[in-house]
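Now for the letters of each chain:
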Amino acid sequence: MRHTLKQFVTLHQKSVYFTFSAVIMLQMVLAFQGFDVCDDGFAATFYQQFFNAPDSVEYNFVYWLSGLVGGIWYELFPTGGILWLRLLAILVNTGTMYLAYRLLRPYMSLYLLLPALTMALFINDFGFLLFYNNHLTAFLAMLSMLFLHRGLIHSNFTYLWISGLLIGLNVFSRLPNLSQLVLILAFPIWYGLKNGGITTMIKPISSFALGFISALGVVTFVLLQLGQFEIMQRAMLSLVDLGSTEQSTHNVGDLLRDYLGHYKQVIKYCILLIFPLTMTWLSTSKRISTTVKVVLYVVIFVFLLFWFYRTEIYGFYALGYFGLLAVMWLEKRKEMILLVFMAFVMQFFLPFGSGGGIRSIGYASLWLSLPLFFYAIQLVLAKLASTSNLFQEPGGFKKPKAKAFIILLLISFSIVRSYSWFNQAYFDPGPRVEKVYGIKSKYARGVFTTKERAEIINGLLVELPSYIQPNDYLLVYDKSPMVHFLTQTRPYMYNSWPWIYDTLSFEKKLEQAAKKRLDLPVVVVQKFETIKRFSKPQKEYVSSTAEDNFFHNNKIAAMMNTFLKDHSYQKMWSNDYYDLYIPAGAN
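Below is a short write-up of the structure. What you see is a predicted model; the values in this text were computed from it and never measured. (Residues numbered from 1 in each chain as written. Predicted model: local features only at pLDDT ≥ 70, side-chain atom pairs only at ≥ 80, totals over all residues. Heavy atoms only, no water.)

In this section: the overall build of the protein. Helix and strand counts for the protein stand at 22 helices and nine strands. Its C-alpha atoms put the protein at 90 × 60 × 50 Å along the principal axes. The 587 residues of the protein split such that 56% are buried. Across the protein, the fraction of contacts at a sequence separation of at least 24, relative to all contacts at a separation of at least 6, is 72%. If you sum the accessible surface of the protein, you get close to 25600 Å²; carbon and sulfur atoms cover 63% of it. One way to put it: in the protein the 50 positive side-chain charges average out to a point 17 Å from where the 34 negative ones average out. (Helix = DSSP H or I, 4+ residues; strand = E, 2+ residues; numbered from the N terminus. Buried < 20%, exposed > 50% of the residue type's maximum accessible area, 1.4 Å probe, protein only. Contact = heavy atoms within 4.5 Å. Areas by Shrake-Rupley, 256 points an atom, 1.4 Å probe, with all protein chains shown as cover. Lys, Arg positive; Asp, Glu negative; His and termini not counted. Charge placed at Lys NZ, Arg CZ, Asp CG, Glu CD.)

Another point: the environment of Met336. You can see Met336 is positioned in helix α15 (residues 334–349). What makes Met336 buried here is its relative accessible area of 0%. Taking the C-alpha atoms as reference points, Met336 and Ala454, 118 residues apart in sequence, are found 51 Å from one another. When sequence neighbours within four positions are dropped, the list of residues in contact with Met336 reads Tyr107, Val327, Glu331, Leu372 and Tyr375.

What follows covers the sheet that holds strand β9 (residues 578–582). Two orientations exist for strands paired in a sheet by backbone hydrogen bonds: parallel and antiparallel. The mixed open sheet is built from five strands, whose spatial order is β6-β5-β7-β9-β8. Only two strands of the sheet have a single partner each, and these edge strands are β6 (490–491) and β8 (570–574). Direction of pairing for β8 relative to β9: antiparallel, over a ladder of four bridges. Across the sheet, residue Trp573 finds its bridge partner in β9, namely Leu580. (Pairing = 2+ DSSP bridges.)

The next subject is the nonpolar core. Soluble globular proteins: nonpolar side chains tend toward being buried together. One finds Trp64, Trp367, Tyr477 and Leu486 to be the most contacted residues of the largest nonpolar core, which totals 199 residues. If you tally residues by element for this core, the top one is helix α4 (residues 81–104), at 13 residues. (Core = buried A, V, L, I, M, F, W, Y, C linked by side-chain atoms within 4.5 Å.)

Of note, Asn495 is situated in the loop between β6 and α21 (503–516). On the basis of relative accessible area, Asn495 is assigned to the buried category, the value being 2%. Polar side-chain contacts of Asn495 include one of 2.8 Å to the backbone nitrogen of Trp497. Excluding residues within four positions of it along the chain, Asn495 makes contact with Phe42, Ser56, Tyr59, Ile500 and Tyr501. (Polar contact = N/O pair within 3.5 Å; in protein donor to acceptor, adjacent residues only side chain to side chain.)

Here helix α6 (residues 133–154) crosses helix α7 (residues 157–170) at 160 degrees, and the two axes come no closer than 8 Å. For the element pair α6 / α7, the angle class is roughly antiparallel. Viewed along their axes, α6 and α7 form a crossing whose handedness is left-handed. Facing α6, whose interface residues are Leu136, Thr137, Leu140, Ala141, Leu143, Ser144, Phe147, Leu148, Arg150, Gly151 and Leu152, α7 presents Tyr159, Leu160, Ile162, Ser163, Leu166, Ile167 and Asn170. Across the contact of α6 with α7, the residue classes tally to twelve nonpolar, five polar and one charged. (Axes fitted to C-alpha atoms, helices over the stretch in contact; angles between N-to-C directions. Parallel < 35°, antiparallel > 145°, perpendicular 65-115°, else oblique. Left-handed = near helix turned anticlockwise from the far one by under 90°. Nonpolar A, V, L, I, M, F, W, Y, C, P; charged D, E, K, R; others polar.)

What follows covers unusual backbone geometry. Asp478 follows Tyr477 through a cis peptide bond whose omega is 0 degrees. Following the sequence through the fold, Asp478 ends up in the loop between β5 (473–477) and α20 (482–487). Look at Ser155: it is not a glycine, yet its phi comes out positive at around 50 degrees. Mapped onto the elements of the fold, Ser155 is located in the loop between α6 and α7. A positive phi is found at Ser568, a non-glycine position, where the angle reads about 55 degrees. Summarising the element assignment, Ser568 is placed in the loop between α22 (554–566) and β8.

This part is about the packing of α6 against α15. Contact pair α6 / α15: the axes reach a minimum separation of 11 Å and the direction vectors enclose 155 degrees. By the angle class used here, α6 and α15 are roughly antiparallel. Both α6 and α15 take part in a crossing whose hand is right-handed. Contacts from Ala138, Ala141, Met142, Met145, Leu148, His149, Leu152 and Ile153 in α6 reach Glu335, Leu338, Leu339, Met342 and Met346 in α15. Across the contact of α6 with α15, the residue classes break down as eleven nonpolar, one polar and one charged.

Take a look at the structure:
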């Protein structure tokens, strides 16, 4: 008996080690290909300048804690460049997966939990960004929930204090994470279920609140020690401008409308989910032949293939909500109800305030609810079996099992994701077999992209050293922040990605920089689109009379042209994709 138990434990340990080793290796394989000049450049420049010239990346200070972590990593490995920042992302993402494993393991079997967490890790169809605020947000959210869950169950006030501390710190990795304070409702939920009174909650809630307040004190202390407190204040004021300006991508009204629009898609996929679950139920009928059963499985499989191919993030959200509702309906254990609440807070509230809503951070919000879907499938099918007379009749149904559906779900997901990964990286479309060309910068060593993309970027990088040196100010207009990181230059406009600014903010920051910076910067102006894919050169890219749209703002283009004209800038180099200007009188 002891020998059998020992074998069982050893097998489970091997399964865990194998799964985590496999996902780390797969992430490493994906890390070597794909070169994005937008989001990756925006984050990488922040980390590069966090300690060196924090004023130049003022805008990014709304993600201050991410900058602190990324900045320390950059200082530890200054020549690691893009590849090592992707390694940091792998460590944080895998750490988040492990925290979710620790939280859910007491309540789920390994054969459900490990595949579910693997799916949650690989939701994105493009592979991975380098380390970003969303990664740290998910990690700290999971860690805080682990301590909160353990603290409530074991009445451990130290754990509750740590949970509040982590939630407070997480606010500074991404300010909208303030929404996670909703987790304070876990206290009445838990003590209510335990028939406790209000007085019972006073001490644990106080411990939690004290932890949150302690985080504010710690962050304030560190900001003051680093001389970054005023920079943080200015970043907060800039965020207020963005939230109130109609043209901003972070306008509050637009954020709410986008969020509601995303949930229309989620509801659609919730309805569609009924079809494969019904087919799974029908496949257990004793009246159908083996051939018909195979046909039903094929139908389910094809449906799931299209589901994962077309769904983006919305289908995964539908799976998550199905899991939450089913577990809430069928589970009676207090610990599971608490988990469901935490999963709901993470899935529903975490995307609040994000410019892309669910599409932007949804992939980091499903670490609990997606595994609970796998758990819920078993509960739902078992409930059907126990309540329907059909399962008791000789010609009715066999007791349904979730195994077949889960296997089909995992296989279809794996096929679609493998196809997507092979044919694209983030903002770098095209087959990976074509991504074998390097970028001529020590900060891009070990990262490969397509020949066309490499030639476009290398063409600029070859020319820039004749006009700028590391630590010079540079103005890159308007969607190529990676140029800063690759040349180790400081963003002139307090932001390496000026396109993010609305009209008011762009004008303010350009005027502020012209007054406060001692010298005018070298200016690089791009003439093609870099979001999602590199477009062909566009003659009207910097035109002030073109059509206004999500990618182009005529007023901002006019301000950029006026700045160049007023300061008598001279065009020193040009190709189809970039122009390079220097101010009058510069060598």
